[in-house]
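The chain contents come next:
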Amino acid sequence: MARYSHSKIVSFEQCPYQFKLRYIDKLKPEVPENIEGFMGRMVHEALEELYKRKELKEISAQDIIEFYNTAWRGNYTPQILLNNGFKSVDDYRFVGERFIRDYFEKYYPFNQHEILGLETDDIMILPDGNEWYVRIDRFARDQEGNYYVCDYKTSSRMKEKWEIEEDKQLAMYSIWVRRNFPDVKSVKLVWNMLAFNSEIVSERSDEELNSLMEEMMIKIAKIENAKEYPAKVSKLCYYCGYQKQCQYFIEAKRKGEI
């Protein structure tokens, strides 16, 4: 049996060849990540630190921004891919600062719910015997038995209604919550859209979650039965860490196909 996650499933669906390089060949990407992903990771770390410090002492937005900038300087490397020729590295860093400051001012003093976990590290056993990785940015509950699966999004595009309704990542975590917390009244799926200083909340019915579980196991079976891993060349390739190692991307770019 193997361990799966939302990102692993999406990798196979977007490009089976990338999936092969990453999960089967275990090839290290030449480009570690792109600047958008790096900025998002640093913001995630800063917000995790915010909630950790909140339990220990009084904090300020500047404390967390200083943590963010220190983490940025300590982790940034020139190998990180900068796709937008009109924005500098510092432009992205300043955007992250704004996200943190806006979030701090909106939710201070951060006592809305009881925090149960930050960047959780757990697994859920699926009916087919495989494992599902559960990593929740912020997991919380209130006194009425409502649980909150919260995800920070640093995308500059607001999620559409249909994307929220069809989301599978947080919905799968909802199944884990229902399995592990018998007092659950409801599971709220919360997307903190940091670029818009707003949040979107959704829920799933038992019927929807049962259908989702079946869908994920079908996808897993397709992956495990795969014999070929064709490349899907598209504009997404420009955000792929393997683009310098992928002959399909190199050839398509040479021909001007993407």
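Q: Please explain the packing of aromatic side chains as it appears in this structure.
A: In this description, a pair of aromatic rings is defined by centroid distance and the angle of the planes. Enumeration over the complete set of coordinates arrives at 21 aromatic pairs. Judged by centre distance (6.5 Å) and plane angle (75°), the ring pair of Y51 and Y103 falls under edge-to-face. Here the residue Y51 occupies a position in helix α3 (residues 35–54), and Y103 occupies one in helix α5 (residues 89–107), the gap between them amounting to 52 residues. For the residue pair Y51 and Y103, the accessibility class agrees, reading buried in each case. Taken together, Y51, Y103, F104, Y107, Y108, F110 and Y152 form an aromatic cluster joined through their ring pairs. It is K8 that lies over the ring of Y4; its NZ or CZ is 4.6 Å from the centre.

Q: Help me understand the sheet that holds strand β1 (residues 3–4), please; the structure alone is not making it clear to me.
A: Within a sheet, neighbouring strands are paired by backbone hydrogen bonds and run either parallel or antiparallel to one another. With respect to topology, three strands assemble into an open sheet ordered β1-β4-β3, the strand pairing being mixed. Edge strands, defined here as strands with exactly one partner in the open sheet, are β1 and β3 (122–125). Judged from the four bridges that link them, β3 and strand β4 (residues 131–134) form a sheet pairing that is antiparallel. Within β4, the position partnered with D122 by the bridge is V134.

Q: Any chance you could explain the packing of helix α1 (residues 6–14) against helix α2 (residues 16–24) here in plain terms?
A: Where α1 meets α2, the axes come as close as 5 Å, and the angle between the chain directions of the two elements is 135°. Considered as vectors, α1 and α2 are oriented oblique to each other. Residues S7, K8, S11, F12 and Q14 of α1 pack against P16, Q18, F19 and Y23 of α2. Grouping the constituent residues of the contact of α1 with α2 by class yields four nonpolar, four polar and one charged.

Q: Where do I start with α2 in this structure?
A: Spacing of three or four residues puts side chains on the same side of an α-helix, whose turn is 3.6 residues. For α2, the complete set of buried residues consists of P16, Y17, Q18, F19 and L21. Where α2 is buried, its residues meet α1, α8 (206–224) and α9 (247–254). Just downstream of α2 lies K26, where phi reads positive at about 55°.

Q: What's the story with the nonpolar core in this structure? I'm lost.
A: Nonpolar side chains in soluble globular proteins tend to be buried together. In terms of nonpolar packing, the biggest core is built from 36 residues, with M124, W132, F139, V149, M172, W176 and V177 touching the most fellow members. Counting residues per element, the ones that place at least two in this core are α1, β4, β6 (146–153), α7 (169–180), β7 (186–193) and α8. Aside from chain neighbours lying at most four places away, what touches W132 is Y4, S5, H6, I9, D122, I123, M124, L126, M172, Y173, M216 and I220. In this structure, I65, Y68, Y103 and Y152 belong to the second largest nonpolar core, which totals 26 residues.

Q: When you look at the pattern of salt bridges in this model, what are you seeing that I'm missing?
A: Here the idea is simple: oppositely charged side chains can pair when their charged atoms come close. For the structure on display, the rule yields 21 salt bridges. Of the charged contacts in the structure, one is a salt bridge between E114 and R141, with a shortest N-O distance of 2.9 Å. Of the two residues, E114 is situated in strand β2 (residues 114–118) and R141 in strand β5 (residues 138–141); the sequence distance between them amounts to 27 residues. Here R141 falls in the partly exposed class, since its relative accessible area comes to 24%. Where K188 meets E203, a salt bridge forms, and the shortest distance between an N and an O atom there is 2.7 Å. One end of the pair, K188, is in strand β7; the other, E203, is in the loop between β8 (198–202) and α8, and 15 residues separate them in sequence. What makes E203 partly exposed here is its relative accessible area of 39%.

What counts, and at which threshold
Residues numbered from 1 in each chain as written. Predicted model: local features only at pLDDT ≥ 70, side-chain atom pairs only at ≥ 80, totals over all residues. Heavy atoms only, no water. Phe/Tyr/Trp six-rings, centres within 6.5 Å; stacked < 30°, edge-to-face > 60°. Helix = DSSP H or I, 4+ residues; strand = E, 2+ residues; numbered from the N terminus. Buried < 20%, exposed > 50% of the residue type's maximum accessible area, 1.4 Å probe, protein only. Lys NZ or Arg CZ within 6 Å of the ring centre and 35° of its normal. Pairing = 2+ DSSP bridges. Axes fitted to C-alpha atoms, helices over the stretch in contact; angles between N-to-C directions. Parallel < 35°, antiparallel > 145°, perpendicular 65-115°, else oblique. Contact = heavy atoms within 4.5 Å. Nonpolar A, V, L, I, M, F, W, Y, C, P; charged D, E, K, R; others polar. Core = buried A, V, L, I, M, F, W, Y, C linked by side-chain atoms within 4.5 Å. Salt bridge = Lys/Arg side-chain N within 4 Å of Asp/Glu carboxyl O.

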